[in-house]
Amino acid sequence: MTNTHRFIIDKWKVVRAYQLVKANQGASGIDNLSMSGFEKDLKNNLYKIWNRMSSGSYFPPAVKAVSIPKKSGGKRILGIPTIPDRIAQMVAKLAFEPLVEPSFLDDSYGYRPNKSAIDAIRATRKRCWYQDWVLEFDIKGLFDNISHELLMKAVRKHTDCRWLLLYIERWLQAPMVTESGEQITRTQGTPQGGVISPVLANLFLHYVFDKWMAKHHPHVKWCRYADDGLVHCNSEQQAQRMLILLKERFEACGLELHPTKTKIVYCKDGSRKVRFQNISFDFLGYTFRPRLCLNKKRQSVFVSFSPAASRSAQKGMIKKIRMLGIRRRTDLSLVELARWINPIINGWINYYGQFYRSELYRVFREINKALIWWARHKYKKLQRRKTRAGKFMEKIAATHRHLFAHWRIGMRGSMV
């Protein structure tokens, strides 16, 4: 019997890819097949993916265009692959990522194992203490504008594996189906929402920005998380020069700096004898600006250019609280309510509570307000007594401090 398989792909890699895709959850693609639907014939469906990838006959279906609102306003278009295609992409990612990861530089933080956004925030905080100027840059529509030719050139630098090269190219060329049903042919970009897309975008910027900075400006410190980046400078003149050079570099590679999100910021800690246009910047959900701090002995106050949860991040959290509809969940007990929302609150505390946790108190007050309204809807005797409902919840917070995640960190004051 003739072996029809052109490529050697481990079957267990397909199983592992399925497990990872399932853990990540996510919406269905253009076939509307859910994970539960896929799992009804799991063994056969996984075999089909492996067989087609191994034989070279796997052709990715079109991705589904889904628009989601941006925090800064406007819409972002995601390209959602089908579940089988997500698994196929994960198989490729498991093989390709270890080939490129060792080449990536330390100051690239996005989409990388053992690196996090908080690592980037921590490094930025420290650098702002020593250098008074920051060039904050954002790449406009990165995922939509990556050159396929330049990207495949970068991919070939790291692998000659035939099946990886074949399928990465096919994924780049897979069409997108809009919400109206129109099919769009793609000649550039990699869909934001694809499993393989983040590592490909990171590889592209590794050569466009990271390596270029290391080669041409080795003494300039920088930090990049996906398409958001910072360049630390010693003077305004140096920052302006770097801005000109970066614009030229990105344009040469088919990319454009975002006109309103790219700016030069003065970030000196202490007193300012001269006023500057920009003295704060947002990065990864944190706002960096001058803030009052206590010294280590907590005896004196000084000004430090430091990060805290941004106003837009706080608004996003408050919006999430309102969308949850806590006040209407009178079918739940207080313990069940805590079990439901604590993972969300813990996620916010773990990320936004790393620096200046007090900035989260505005969010915590909104949670408390929702809990008071819940109590008023739950118990008839509290329905028309806002103050009494507040006192009722305060008493519970005092005696059951560990019930809700935000109660545990000692925020004081009235709940009403």
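Further up the page is the structure itself.
Just so it is clear, the structure is predicted and the values come from calculations on it, not from any experiment.

Engineer: In this structure, what is going on with helix H9 (residues 197–216)? I would like to understand it.
Structural biologist: Note: α-helices contain 3.6 residues per turn, so residues at a spacing of three or four share the same orientation. Between its first and last C-alpha, H9 extends 27 Å over 20 residues, near the 28 Å set by a 1.5 Å rise per residue. At His 206, H9 shows its largest kink, close to 50°. With 14 of 20 residues buried, H9 is to be regarded as a mostly interior element.

Engineer: Before we go on, may I ask you to explain the pattern of salt bridges in this structure?
Structural biologist: Between side chains of opposite charge, a pair can form as their charged atoms come close. Summed over the entire model, instances satisfying the criterion amount to 8 salt bridges. As a salt-bridge pair, Glu 101 and Arg 112 come within 2.6 Å of each other at their nearest N and O atoms. Within this pair, whereas Glu 101 is found in the loop between helix H4 (83–100) and helix H5 (117–130), its partner Arg 112 is found in the loop between H4 and H5, the two being separated by 11 residues in sequence. Taking relative accessible area as the criterion, Glu 101 reaches 17% and is therefore assigned buried. Of the charged contacts, one joins Lys 369 and Glu 366 as a salt bridge, the two residues approaching to 3.6 Å between their closest N and O atoms.

Engineer: Mind showing me how you'd approach the nonpolar core here?
Structural biologist: General note: in soluble globular proteins, nonpolar side chains tend to be found buried as a group. The biggest cluster of nonpolar side chains holds 67 residues, and the ones touching the most others in it are Met 53, Ile 87, Val 231 and Phe 250. Counting residues per element, this core draws most heavily on H9, which supplies 10 residues. Excluding anything up to four places from it in sequence, Met 53 contacts Phe 7, Ile 9, Tyr 58, Ala 88, Val 91, Trp 163, Tyr 167 and Trp 171.

Engineer: Before we go on, may I ask you to explain the packing of helix H1 (residues 11–24) against helix H3 (residues 42–55) in this structure?
Structural biologist: Two measures define how a pair of helices packs: the angle their axes make with one another and the distance between the axes. Axis separation between H1 and H3 bottoms out at 10 Å; the angle between their running directions is 120°. The angle between the axes of H1 and H3 places the two elements in the oblique class. At the point where H1 passes H3, the crossing takes the right-handed sense. Contacts from Lys 11, Val 14 and Tyr 18 of H1 reach H3 at Leu 42, Leu 46, Ile 49 and Trp 50. When the residues that make up the contact of H1 with H3 are grouped by side-chain class, the tally is 6 nonpolar, no polar and 1 charged.

Engineer: Explain the packing of aromatic side chains to me, please; I cannot follow it from the model alone.
Structural biologist: The way to describe two aromatic rings as a pair is by their centre distance and the angle between their planes. Across all of its chains, the model carries 22 aromatic pairs by this definition. Look at Tyr 286 and Phe 355: their rings are 5.8 Å apart centre to centre, the planes differ by 75°, and that puts the pair in the edge-to-face class. With a gap of 69 residues between them, Tyr 286 in strand E10 (residues 286–294) and Phe 355 in the loop between helix H12 (334–352) and helix H13 (361–378) connect regions that are remote in the sequence. Phe 355 sits in the buried class, given a relative accessible area of 7%. Through a chain of ring-to-ring contacts, the aromatic side chains of Phe 7, Tyr 58, Tyr 167 and Trp 171 assemble into a single cluster. When the ring centre of Trp 50 is taken as origin, the NZ or CZ atom of Lys 11, which lies over that ring, is 4.6 Å away. The positively charged end of Arg 329 is found above the aromatic ring belonging to Trp 340, 5.3 Å away from the centroid.

Engineer: Just checking my understanding: could you explain the sheet that holds strand E5 (residues 183–184) for this structure?
Structural biologist: The 4 strands are arranged E2-E1-E4-E5 in an open sheet whose pairing can be described as mixed. Looking at the sheet topology across the chains shown, the edges are occupied by strand E2 (75–80) and E5.

Engineer: Please clarify how the packing of H1 against H4 should be interpreted in this entry.
Structural biologist: Here H1 crosses H4 at 115°, and the two axes come no closer than 8 Å. Like other packed secondary-structure pairs, H1 and H4 cross with a definite hand, here right-handed. Facing Lys 13, Val 14, Arg 16, Ala 17, Tyr 18, Leu 20, Val 21 and Asn 24 of H1, the residues of H4 in contact are Arg 86, Ile 87, Met 90, Val 91 and Leu 94. Here the contact of H1 with H4 is composed, by residue class, of 9 nonpolar, 1 polar and 3 charged.

The rules we used
Residues numbered from 1 in each chain as written. Predicted model: local features only at pLDDT ≥ 70, side-chain atom pairs only at ≥ 80, totals over all residues. Heavy atoms only, no water. Helix = DSSP H or I, 4+ residues; strand = E, 2+ residues; numbered from the N terminus. Expected span 1.5 Å × (residues − 1). Bend = angle between axes of the 7 residues up to and from the residue. Buried < 20%, exposed > 50% of the residue type's maximum accessible area, 1.4 Å probe, protein only. Salt bridge = Lys/Arg side-chain N within 4 Å of Asp/Glu carboxyl O. Core = buried A, V, L, I, M, F, W, Y, C linked by side-chain atoms within 4.5 Å. Contact = heavy atoms within 4.5 Å. Axes fitted to C-alpha atoms, helices over the stretch in contact; angles between N-to-C directions. Parallel < 35°, antiparallel > 145°, perpendicular 65-115°, else oblique. Left-handed = near helix turned anticlockwise from the far one by under 90°. Nonpolar A, V, L, I, M, F, W, Y, C, P; charged D, E, K, R; others polar. Phe/Tyr/Trp six-rings, centres within 6.5 Å; stacked < 30°, edge-to-face > 60°. Lys NZ or Arg CZ within 6 Å of the ring centre and 35° of its normal. Pairing = 2+ DSSP bridges.

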